[in-house]
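# Overview (structure and organization)
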Amino acid sequence: MSNSVAENIANFLKEYSPFSYLSHDELIQVTTSIGVINLDKHKILFQIDDKLHDSFYVVASGVINLSVIADAEETLLNKCYAGDVFGLRPFFAKNNYMMTAKAREDSIVYAIPITVFKPFVAQNPQVLDFLLESFATNTRNPFDKENRGKLITDNVYTEGQQNEIQYFQSLAYNKTPLKVSVSAIAKDTAQLMTENLTDNVVVTEQSHPIGIVTDSDFRSKIANGRFPLISTIDKIMSSPVITVPENVSVAEAQLLMLKNNVSHLCVTVDGSDKSEVKGVISEHDLIVAQANNPGVLIKEIKRSLSPKELKLVREKLTDLIQSSIAKNIPLPHIYNISGEIITAIIKRSIELSILDLGSPPARFAWFSIGSQGRKEQFLLTDQDSFLIFEDVAEEKYRDVKDYFLKLAKRTTTILEKVGYDFCPNGHMASNMLWCKSMSDWIKQYNNWMKTPGEKSNDISSIFFDYELVFGEGKIEDTLDDLILKNTKNNALFFDYLGNDALRKNAPINFFRKFNLEEEGDHKGKFDIKNRAIMPLVDGARLFAISLNLKGINNTYLRFKQLAIVDPKFSEIYLNCADAFLILSKFRTLEGLKNDSNGDYINVEELSKVDKEKMKNAFAPMKELEELIKDKFQLTQFS
Amino acid sequence: MIDWIKKINKEYPDFWKLYLAKFESKSNRYVVLSTETTGLNPKKDVILSFGAVAVVNDVIRIGDNFEVVILQYKYLHDNGLSNEFLIESKLSKLAEPQAIQALVDYIGNAVLVGHRIHFDIEMINDVLEKMDCGKLKNEALDVEIMHQKLLDITNKSFSLEDLVKHYKLPLNERNSASDDAYSIALLFVKLKARLGFK
């Protein structure tokens, strides 16, 4: 009897490990025994401590979240997409499930009976390897996108444990330390260290460590004249040296350093000072070992050679942001760090493009605008940018413009691969309109500011939140000066901006109910971006430009700064600053939760306290609006 | 009443007696059935193929399936239609009475599920009549009606395609009765869960 549905499923599965290792006939055998399960959103397939099912699962469509619950808090372990295998526990263990599998959206999964699949595992070592690997990988694997459809870990590590594991990993250190004998002369030793660019040297006797000399020893013993330059090294070394065995963990090393108040540890074969020196661990090694720290991420970005690598870093950044928010690190601080990292990613993308295209024919500057220009970007939103190149001779103009357009196209494509969507309004340097020479840009800004609303209605106030990412600082200065010059006695411009800021729809109605979207894809949700955050952003920009705050683009910092330069209304500004942080946090949490840009919030999912908190955050907006109306006589465009 | 008299007077074929005997117990099995026909008139048109898959405990059992192409050479010839699809199809092929018998054996006392299932049943009953059997006794559920009930709409009809799109189910190429049956099965388990009946 034929079975075309089984054939179809076999054709789907053969694209994914471990099914790709099976022959077609074997696959048909498997698929004819499959059960297809429909899971509506939020439906649980199995949860912690459930009895093991007699099947394991493959995602056919939708997304399944694997999570554990620790301390009454749900921690996401993994997201499974189409083709991912999960629920492998019954293969290897007899005890109950250790995690919860829950549909994040409407999903369909295939249940493959263990008894049917087991023979293939036994016959086919590759299949066994794959399953074992999936089951036993010790790391939580969200970064392992390279292996998508291959590895889904089935082990349980909560976020906390994850950090601990990192903490207990063995660390990389200098395995070829500089060594000198006891009789070495201090001056020679210092020279040797300088040549080798290290800050420490191990003093050995028959290759056993008896002491260590570091920069600080030279400072505290030689440079202040206590010992002459020609003393032997044993006079100034710190002894005994603290020794550790190989494979010491980060935690242990850190404890030893604290306990003994030293900055270096000496690694020996058996961990005592009576064996051979194997290396030196410095404090710096410990810092580097705490992966996912911003410094390391930036380093990784600088080394990246492909969009893929950059994408991995961007994903780590998401993790970093998530854990930072969980740890209640102040939002402005996170803004700063993530802003720097994203800037580094964009910079690297431009560098990669330049590597491909050859060096640019003229000086230029690449600006980020919009949220990244304001350094308020956490989530993967769309990219906004523009490019200015210096004025060149007329006959060269076409080639130069051509080059920069190509450069911009390449760069925006790389960024798209990293995960930043193209701007739907085309506000990107790859757009002919926004990749222009300096003099064209001057004309552009003059147009915008002197005759606002005349030529094009979308003057895009985002062009006033720019940040130099790459290229000539002088170009940025020119732009700053230009804007400053144009703002003087330019009531019309502020009139326009002011109206623009006020045009947004109110977040809550007369009855203090949220104004939800009435139609479209996001029906019933609250548009936090346009109704709550943008008015604050626009307001901050308006005041920042009018009061000539240069070089501060971040909305939060703008309000803070405004409170200082315009003390009369400082209370309103400070309230707005706080409101902005609160609303941004809501948006970020929503975005992280749903892998979206967080623009739309499902109000029903909020707790009562959160709802009130959010509504209270709308109050300063009203005050800000009044202030705008008061300060700028808005007449022309109202 | 008339059925009952017939039953006394007429000797049914063996497979039909077996089929009737199955209804002594109740089934928890659903058979999702899709029928491909030459048209919409039960009197004139004929069945070209069946595709069916079973659902037990809300799980679609891929292995518990039925698909067959019916050799309607005579009908196709009489109506000047091409029989290419019969020749090319890789599915098992049976003559009409054998196909219906196989189907009846397969469905047993299960609850039938389909999209506009009553038309399918009517088509099958017509053939059964020719074979001196009674009518199908199975209960039947229609995904279109289930959907209408869920949305509380009665004045609008929904094609299978509409339903698949509405529930954002994966679109397959849908070129055979089996593919349709699978789509209906996915719809059915979804609707069943949403309507909350056992």
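Structural data are supplied above this passage.
Residues numbered from 1 in each chain as written. Chains lettered and ligands numbered in written order. Predicted model: local features only at pLDDT ≥ 70, side-chain atom pairs only at ≥ 80, totals over all residues. Heavy atoms only, no water.

A few words on the overall build of chain A. In terms of regular secondary structure, chain A is built from 23 helices and 20 strands. Counting across all 638 residues of chain A, residues that qualify as buried make up 52%. By sequence separation, contacts in chain A at least 24 residues apart represent 69% of the contacts at least 6 residues apart. For chain A, the computed accessible surface area is about 30200 Å², with 51% contributed by carbon and sulfur atoms. (Helix = DSSP H or I, 4+ residues; strand = E, 2+ residues; numbered from the N terminus. Buried < 20%, exposed > 50% of the residue type's maximum accessible area, 1.4 Å probe, protein only. Contact = heavy atoms within 4.5 Å. Areas by Shrake-Rupley, 256 points an atom, 1.4 Å probe, with all protein chains shown as cover.)

Moving on to the nonpolar core. In this structure, F364, W366, F386, F404, Y445 and M614 of chain A are the most contacted members of the largest nonpolar core, which totals 104 residues. The element best represented in this core is helix α14 (residues 331–357) of chain A, accounting for 11 residues. Each of domain 3 (294–433) and domain 4 (491–631) of chain A gives at least three residues to this core. Apart from the residues lying within four places of it in its own chain, the contact partners of F364 of chain A are I350, I354, L387, I388, F389, F404, L407, F470, G471, E472 and I475 of chain A. Core analysis: the second largest hydrophobic core is formed by 52 residues, I60, L169, L186 and L191 of chain B among them. (Core = buried A, V, L, I, M, F, W, Y, C linked by side-chain atoms within 4.5 Å. Domains from an automatic or database assignment.)

Let's shift gears to helix α8 (residues 215–223) of chain A. All names here are of chain A. Here α8 has its buried residues at D217, F218, K221 and I222. Taken down its axis, α8 places every buried residue within 100° of arc, on the same side. Those residues of α8 that are exposed and aimed more than 90 degrees away from the buried face are R219 and A223. Following α8 by one or two positions, G225 has its phi on the positive side, about 85°. (Arc of directions from axis to C-beta.)

Here the focus is the interface of chain B and chain A. Opposite the 21 residues of chain B that make contact, chain A presents 20 residues. Across the chain B/chain A interface, buried area totals approximately 1700 Å², and carbon plus sulfur atoms make up 52% of it. Counting across the chain B and chain A interface gives 4 salt bridges. Salt-bridge contacts for K190 of chain B lead to D106 of chain A; the nearest nitrogen and oxygen are separated by 3.3 Å. Listing elements by their share of the side of chain B that touches chain A, those giving two or more residues are β3 (59–70) and α9 (177–195) of chain B. The leading source of residues in the side of chain B that touches chain A is β3 of chain B, at 8 residues. Of the residues contributing to the side of chain B that touches chain A, the split by class is 10 nonpolar, 5 polar and 6 charged. Bridge count for strand β1 (residues 35–39) of chain A against β3 of chain B is 3 bridges, and the pairing is antiparallel. Bridged to G35 of chain A within β3 of chain B is R61 of chain B. (Buried area = accessible area lost by both parts, 1.4 Å probe. Salt bridge = Lys/Arg side-chain N within 4 Å of Asp/Glu carboxyl O. Nonpolar A, V, L, I, M, F, W, Y, C, P; charged D, E, K, R; others polar. Pairing = 2+ DSSP bridges.)

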